[in-house]
Amino acid sequence: MMTQTPERHAVVIVGGGPAGLAAAIAAHEAGEHDVLILERDTQLGGILNQCIHNGFGLHTFKEELTGPEYAARFIDRAAELGIPYRLGTMVLDISPERVVTTVSADRGIERFEAGAIVLAMGCRERPRGALATPGYRPAGVYSAGTAQRLVNIEGELPGREVVILGSGDIGLIMARRMTLEGAHVACVSEIMPYSGGLKRNIVQCLDDYGIPLLLSHTVVDVEGRDRVEAVTIAEVDERLQPIPGTEVRYPCDTLMLSVGLLPENELSREAGIELSPVTRGPVVDQSLQTSIPGIFACGNVLHVHDLVDFVSQEAAAAGAQAARFAQEGVEPTETRGIPVKAIDGVRYTVPSYVDPQKMDDTLTVRFRVANEYRNRYVSVYLDDERIQHRKKRVMAPGEMEQVVLKRADLMERAGVSSITVKLEEE
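Residues numbered from 1 in each chain as written. Predicted model: local features only at pLDDT ≥ 70, side-chain atom pairs only at ≥ 80, totals over all residues. Heavy atoms only, no water.

**Student:** Residues and numbers for the overall build of the protein chain, please.
**Tutor:** In terms of regular secondary structure, the protein chain is built from eight helices and 25 strands. Along the longest, intermediate and shortest principal axes, the C-alpha atoms of the protein chain span 65 × 60 × 40 Å. By residue count, 53% of the 426 residues in the protein chain fall in the buried class. For the protein chain, restricting intrachain contacts to residue pairs at least 6 apart in sequence, the fraction spanning at least 24 positions comes to 63%. For the protein chain, the exposed area adds up to about 19,200 Å²; of that, 47% sits on carbon and sulfur atoms. Taken as two groups, the 43 positive and 60 negative side-chain charges of the protein chain have centres that lie 2 Å from each other. (Helix = DSSP H or I, 4+ residues; strand = E, 2+ residues; numbered from the N terminus. Buried < 20%, exposed > 50% of the residue type's maximum accessible area, 1.4 Å probe, protein only. Contact = heavy atoms within 4.5 Å. Areas by Shrake-Rupley, 256 points an atom, 1.4 Å probe, with all protein chains shown as cover. Lys, Arg positive; Asp, Glu negative; His and termini not counted. Charge placed at Lys NZ, Arg CZ, Asp CG, Glu CD.)

**Student:** I'd like to hear about unusual backbone geometry, residue by residue, with values.
**Tutor:** P351 follows V350 through a cis peptide bond whose omega is 10 degrees. With respect to the secondary-structure elements, P351 resides in the loop between β19 (346-350) and β20 (353-354). The backbone phi angle of K62 is positive, close to 60 degrees, even though this residue is not glycine. Within the secondary structure, K62 is located in the loop between β2 (35-38) and α2 (67-81). Judged by its relative accessible area of 67%, K62 is exposed.

**Student:** Tell me about the nonpolar core, and name the residues and values.
**Tutor:** Formed by 60 residues in total, the largest nonpolar core has its most connected members in I94, V118 and L119. Contacts of V118, omitting those with residues within four sequence positions, involve V11, V12, I13, V14, A23, F296, C298, A318 and A322. If you look at the next biggest cluster of nonpolar residues, it comprises 21 residues, including V369, V378, M395 and I419. (Core = buried A, V, L, I, M, F, W, Y, C linked by side-chain atoms within 4.5 Å.)

**Student:** So what's going on with the sheet that holds strand β14 (residues 248-251)? Which residues, and what values?
**Tutor:** Spatial ordering of the open sheet is given by β12-β13-β14, a layout of three strands whose pairing is antiparallel. Each end of this open sheet is capped by a strand with a single partner; those strands are β12 (217-223) and β14. The sheet shows a mean angle of 30 degrees between the axes of neighbouring strands, direction not considered. Examined bridge by bridge, strand β13 (residues 230-235) and β14 share four bridges and lie antiparallel to one another. Following the sheet pairing, A230 is matched in β14 by P251. (Pairing = 2+ DSSP bridges. Axes fitted to C-alpha atoms, helices over the stretch in contact; angles between N-to-C directions.)

**Student:** Kindly report on the pairing of strand β21 (residues 362-369), identifying the contributing residues and their values.
**Tutor:** Counted residue by residue, β21 has six buried out of eight residues, so it is predominantly covered. Summarising the sheet, β21 and strand β24 (residues 401-406) pair through six bridges and their orientation is antiparallel. Residue pairing across strands places F367 opposite E401, the latter belonging to β24.

**Student:** Go over the environment of T133 with me, naming the residues and quoting the values.
**Tutor:** Tracing the backbone shows T133 in the loop between β7 (123-125) and β8 (141-143). Put simply, T133 and V203 are 70 residues apart on the chain and 28 Å apart in space, counted from C-alpha to C-alpha.

**Student:** I'd love a proper account of the environment of E424, names of residues and values included.
**Tutor:** Along the chain, E424 turns up in strand β25 (residues 419-424). Under the relative-accessibility criterion, E424 is labelled buried at 14%. The spacing of E424 and V378 is 46 residues in sequence and 6.5 Å in space, taken between C-alpha atoms. Within the structure, the side chain of E424 is placed 3.0 Å from the side chain of R386, a separation counted as a polar contact. (Polar contact = N/O pair within 3.5 Å; in protein donor to acceptor, adjacent residues only side chain to side chain.)

**Student:** Please give an account of the sheet that holds β20 that cites residues and values.
**Tutor:** Paired through backbone hydrogen bonds, the strands of a sheet run either parallel or antiparallel to each other. Read from one edge of the open sheet, five strands run β20-β18-β25-β22-β23, paired in mixed fashion. Only two strands of the sheet have a single partner each, and these edge strands are β20 and β23 (385-395). Pairing between strand β22 (residues 373-382) and β23: nine bridges, direction antiparallel. Directly across from V380, in β23, lies its bridge partner Q388.

**Student:** Residues and numbers for a nonpolar patch on the surface, please.
**Tutor:** The grouping of M90, L92 and I109 at the surface amounts to a nonpolar patch, some 230 Å² of accessible area in total. Along the chain, I109 falls in strand β6 (residues 108-119). I109 sits in the partly exposed class, given a relative accessible area of 31%. (Patch = residues over 30% accessible without salt bridge, like charges linked within 9 Å, V, L, I, M, F, W, Y side chains within 5 Å. Salt bridge = Lys/Arg side-chain N within 4 Å of Asp/Glu carboxyl O.)

**Student:** I'd like a rundown of the packing of aromatic side chains, residues and numbers included.
**Tutor:** Counted under the stated rule, the structure contains four aromatic pairs. Ring centres 5.9 Å apart and planes at 65 degrees place the aromatic pair F61 and F74 in the edge-to-face group. Of this pair, F61 sits in the loop between β2 and α2 while F74 sits in helix α2; the two residues are 13 residues apart in sequence, bridging distant segments of the chain. When its relative accessible area of 26% is taken as the criterion, F61 is described as partly exposed. A residue is classified by how much of its surface remains accessible, and F74, at 12% relative accessible area, is buried. On the basis of an interplanar angle of 40 degrees and a centroid distance of 5.2 Å, the ring pair of Y70 and F74 is categorised as tilted. Taken together, the positions of Y70 and F74, both in helix α2 and four residues apart, correspond to about one turn of that helix. Side by side, Y70 and F74 carry an identical accessibility label, which is buried. Ring-pair connections join several aromatic residues into one group, and the members of that group are F61, Y70 and F74. Taking the ring centre of F61 as reference, the NZ or CZ of R73 above it sits at 4.9 Å. (Phe/Tyr/Trp six-rings, centres within 6.5 Å; stacked < 30°, edge-to-face > 60°. Lys NZ or Arg CZ within 6 Å of the ring centre and 35° of its normal.)

None of this, on its own, says anything about what the molecule does.
Here's what the structure looks like:
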């Protein structure tokens, strides 16, 4: 039953994972105490609850924590501040007028009017259906995240003879996890000529356990009707097409997929928010505001991150900006600021627009590169003038890069029409 009068809150956070928690805390600490978190799961913490490996918090807390430990720091802080939250609450719709419609088992359908909204829904795994992998649909094909939940939360072992397709970080971590649980991981197959995961995960999760990483390889057949019996892996050419005669058959009972993450943006799309064709997340300005005034985005719903510490930093900025919007009711302007262009090896940037009048003294612009590069320069141009030129020994798509813009540089160059981030050889 829908309530007749929408409940009013200054800031509504959609998602109670690491991004949502950090945004809520930052909004509260920025002076806006009327904050509400909406979470569809039965507990706060998001995906971190099943990430029991360590390596979290090195930037934020200067120590190594497991996923649940990292989440607990934010959950405890939110509790100290008395920030309310609703669990088991699914958001059905977000309107451009910042009205959020939800449904839950105990409260039915509800509506919330928000002074500002922060989108922090996270991301989901790309399914097998998006891969067009030949073969039947037998039991034993899992996404890496599903397998991770089965092992770490449910205490179930998905299989004993495993092949992993895709070298995303979750897949690399699950290669180690399955090995530690007594399973045998035959290999990790990656269609690209480079890994999609962090270098440290390749070393700690594959190299340390003697698990081979087959670059430029993919699964071309899945055998078995009731249960996976074997998969066939072949090498691919520069067009990512299988090369005849390179096929190798691997007997196995489990095929694990770690083939990419997609920002969870159905709500954003239905609200009419502009999405990037590259990241599939919202296009945002320097305040992480989307194309709809008063709606902000952060974390993996904005673009897929490699480190949760960066999620927390970004979410804190979004939460503080949402609090400011709710308090001041910032009026929309005719233009969104100076466009930030990503070219010559840079796939995208976040943010996509920068208004020097509204930015802080410094602004971190994060981006990913399109391939593996060695000894290249990361350059920043204001129109045709190069203002940054920094050499990087190694860059890879699996690791996020960043540049820092200074407000003073933009303000002293009146009339700048574009900011360009690119890679150069010299």
